[in-house]
Amino acid sequence: QVQLVESGGGLVQPGESLRLSCTISGQIFSILGMGWYRQAPGNERELVASIGLDRSTNYADSVKGRFTISRDYAKNTVWLQMNSLKPEDTAVYYCNAIPNPLSRHWGQGTQVTVSS
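Residues numbered from 1 in each chain as written. Predicted model: local features only at pLDDT ≥ 70, side-chain atom pairs only at ≥ 80, totals over all residues. Heavy atoms only, no water.

Points about the state of the cysteines
Tallied over the entire structure, the rule returns one disulfide. Across a sulfur-sulfur distance of 1.7 Å, cysteine 22 and cysteine 95 are joined as a disulfide pair. Judged by the torsion about the S-S bond (55°), the cysteine 22/cysteine 95 disulfide is right-handed. Of the two residues, cysteine 22 sits in strand E3 (residues 18–24) while cysteine 95 sits in strand E9 (residues 91–98), which places them 73 residues apart along the sequence. Neither cysteine 22 nor cysteine 95 differs from the other in exposure class; each is buried. (Disulfide = S-S within 2.5 Å. Helix = DSSP H or I, 4+ residues; strand = E, 2+ residues; numbered from the N terminus. Buried < 20%, exposed > 50% of the residue type's maximum accessible area, 1.4 Å probe, protein only.)

Spelled out as structure tokens, the structure:
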């Protein structure tokens, strides 16, 4: 079955960096674009970065210039490099398909907390 596993979150101070990793089981990884979503308490889940099958990328305005998404087909892995982190980036981060997430296969996510 499809399984999405996120890791790499943690507690950092403003301006610091983190790199998140997502591994995806099965062949579905090779036929879908992938994205990183985040959700903070009281907020809707939002898509912050995405990458297509051709490795083309898109970013939400709030993270543009600071975050970089990449994928490795051989490793069934998607990364999110997060630089210049801000308190507003605090959220649980999830990976899933784009443009439509696989609604039955959300992982546990990984917590990112940015605080001084």
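Having seen the structure, we can now continue with the description.
Some details on the sheet that holds strand E4 (residues 33–39)
The strand order E2-E10-E9-E4-E5-E6 describes an open sheet built from six strands, whose pairing is mixed. Since the sheet does not close on itself, it has two edges, and those belong to strand E2 (10–12) and strand E6 (57–59), each with one partner. Averaged over all neighbouring strand pairs, the angle between strand axes comes to 25°, with direction disregarded. As judged from the three bridges shared by strand E5 (residues 46–51) and E6, these two strands associate in the antiparallel manner. Bridge pairing links serine 50 to asparagine 58 in E6. (Pairing = 2+ DSSP bridges. Axes fitted to C-alpha atoms, helices over the stretch in contact; angles between N-to-C directions.)

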